[in-house]
Amino acid sequence: MADVLKDAVPNTLVLSAAALLIIFTLGIVVGVVSAVRQYSLLDHASTLLSFFFYSMPSFWFALMLLLLFHYHLRWLPADQMVSFDFIYDSLPWTGKIADRLRHLALPAVALGFGAMAGVARYTRASLLEVIRMDYIRTARAKGLPEKDVILRHALRNALIPVVTLLGLYLPFLFSGAVLVETIFGWPGMGRIIVTAIFQRDYPLVMANAFISAVLVVGANLLADVAYSIIDPRIRQGGVRR
């Protein structure tokens, strides 16, 4: 059992890290653009797409990506983590990284796009609330460039509620990984759980559940650390009067 988990856990962590990168990087960018361009055509389009991706089941989206980019367009692979051994071993180190990224693209997008839409909506709502505060108007009155006002003053405070989602989305990623890894043949914990359930290997199922719980606790700890990085007042124990 330990040998099986030793290979599966890092694979799931790689997939989850790629999905988290998509969720928070793309989600924050879309949310900031929507808030800055409030009620514009771009804002309406991003809102429509956000609701579309947020309400879409991850397994259905994974199947659509598989049909479009793998079977019809043949742009991206959708099996295992790398190409066949004789192809992968003959590649230079840059080619090996590119090959891994090509295999990672579809499952990471399938796993991360739904949650990315949720982060975009949270970021937009939080930033719209922050940019109406008095200190933002003061910063603009001092003649600061709008980019500095948004990125250095408003966004930093707007990200505090968004960071809370870090601890909430990791369980969502593990539950979605069960189906996504099975669809794309990704050799991670989700695929092992499915196999273990069909084979009635209950110790392996419990070990997977325990590892998932530990990772969720670690994600919540990471979110708490991120609070102190974003807001120095938390690191200093609050505002002293």
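Please read all numbers here as calculations on a predicted model, not as lab measurements. (Residues numbered from 1 in each chain as written. Predicted model: local features only at pLDDT ≥ 70, side-chain atom pairs only at ≥ 80, totals over all residues. Heavy atoms only, no water.)

## Digging into the overall build of the protein
- When its secondary structure is counted, the protein shows 10 helices and 0 strands.
- When its helices and strands are written in sequence order, the protein yields α-α-α-α-α-α-α-α-α-α.
- Principal axes of the C-alpha set define a box for the protein whose edges measure 65 × 45 × 35 Å.
- Each of the 241 residues in the protein was classed as buried or not, and the buried ones make up 42%.
- Taking contacts inside the protein between residues at least 6 apart in sequence as the whole, the part at least 24 apart equals 74%.
- Across the protein, the 21 positively charged side chains and the 15 negatively charged ones have centroids separated by 10 Å. (Helix = DSSP H or I, 4+ residues; strand = E, 2+ residues; numbered from the N terminus. Buried < 20%, exposed > 50% of the residue type's maximum accessible area, 1.4 Å probe, protein only. Contact = heavy atoms within 4.5 Å. Lys, Arg positive; Asp, Glu negative; His and termini not counted. Charge placed at Lys NZ, Arg CZ, Asp CG, Glu CD.)

## A closer look at the packing of aromatic side chains
- Summed over all chains, the structure comprises 5 aromatic pairs.
- Aromatic side chains Phe53 and Phe113 sit 5.1 Å apart centroid to centroid with 80° between the ring planes, which places their arrangement in the edge-to-face category. In this pair, Phe53 sits in helix 2 (residues 41-54) while Phe113 sits in helix 5 (residues 93-130), placing the two residues 60 residues apart along the sequence. Judged on exposure class, the residue Phe53 and its partner Phe113 are both buried.
- Judged by centre distance (6.0 Å) and plane angle (35°), the rings of Phe61 and Phe113 are tilted. Placement of Phe61 in helix 3 (residues 58-72) and of Phe113 in helix 5 is noted, with a sequence separation of 52 residues between them. Phe113 carries the same exposure label as Phe61, and that label is buried.
- Taken together, Phe52, Phe53, Phe61 and Phe113 form an aromatic cluster joined through their ring pairs. (Phe/Tyr/Trp six-rings, centres within 6.5 Å; stacked < 30°, edge-to-face > 60°.)

## Points about the confidence of the model for the protein
- Mean pLDDT over the protein works out to 85, with 96% of the residues at or above the 70 mark.
- Of all helices and strands in the protein, the one with the weakest mean pLDDT is helix 10 (residues 232-235) (67), whereas helix 5 scores best (91). (pLDDT = per-residue confidence, 0-100.)

## Considerations on the packing of helix 5 against helix 7 (residues 146-184)
- Two numbers describe how helix 5 lies on helix 7: the axes approach to 8 Å, and their chain directions differ by 155°. The orientation of helix 5 relative to helix 7 falls into the category roughly antiparallel. For the element pair helix 5 and helix 7, the recorded crossing hand is right-handed. (Axes fitted to C-alpha atoms, helices over the stretch in contact; angles between N-to-C directions. Parallel < 35°, antiparallel > 145°, perpendicular 65-115°, else oblique. Left-handed = near helix turned anticlockwise from the far one by under 90°.)

## Brief notes about the packing of helix 2 against helix 5
- Running from N to C, helix 2 and helix 5 point in directions that differ by 135°, and their axes come no closer than 8 Å. With respect to each other, helix 2 and helix 5 are oriented oblique. The two elements helix 2 and helix 5 meet at a crossing, and its hand is left-handed. Along its contact with helix 2, which presents Asp43, Thr47, Ser50, Phe51, Phe53 and Tyr54, the element helix 5 presents Phe113, Gly114, Ala117, Gly118, Ala120, Arg121 and Arg124.

## Brief notes about a nonpolar patch on the surface
- Where nonpolar side chains cluster on the molecular surface, the patch consists of Phe52, Phe59, Trp60, Leu63, Met64, Leu67, Tyr71 and Leu179 and spans about 740 Å² of accessible area.
- Here Tyr71 lies in helix 3.
- You can call Tyr71 partly exposed: its relative accessible area is 46%. (Patch = residues over 30% accessible without salt bridge, like charges linked within 9 Å, V, L, I, M, F, W, Y side chains within 5 Å. Areas by Shrake-Rupley, 256 points an atom, 1.4 Å probe, with all protein chains shown as cover. Salt bridge = Lys/Arg side-chain N within 4 Å of Asp/Glu carboxyl O.)

## Observations concerning the nonpolar core
- Ile23, Phe24, Val119, Leu127 and Phe184 are the most contacted members of the largest nonpolar core, which totals 57 residues.
- When residues of this core are traced back to their parent elements, those giving at least two are helix 1 (2-36), helix 3, helix 5, helix 6 (134-141), helix 7 and helix 9 (202-230).
- Ranked by residue count, the leading element in this core is helix 7, at 17 residues.
- Dropping the residues within four chain positions of it, Phe24 is found in contact with Val119, Val162, Leu165, Leu166 and Tyr169.
- Counting residues in hydrophobic clusters, the runner-up holds 9 residues, among them Val9, Met189, Ala207 and Ile211. (Core = buried A, V, L, I, M, F, W, Y, C linked by side-chain atoms within 4.5 Å.)

## Looking at the side chain of Asp99
- With respect to the helices and strands, the residue Asp99 is situated in helix 5.
- Despite being buried, Asp99 has no salt bridge partner; Arg102 is the closest side chain of opposite charge, sitting 4.3 Å away.
- Look past the residues within four positions of Asp99 in its chain and what remains in contact with it is Met81, Val82, Ser83, Tyr88 and Leu91.

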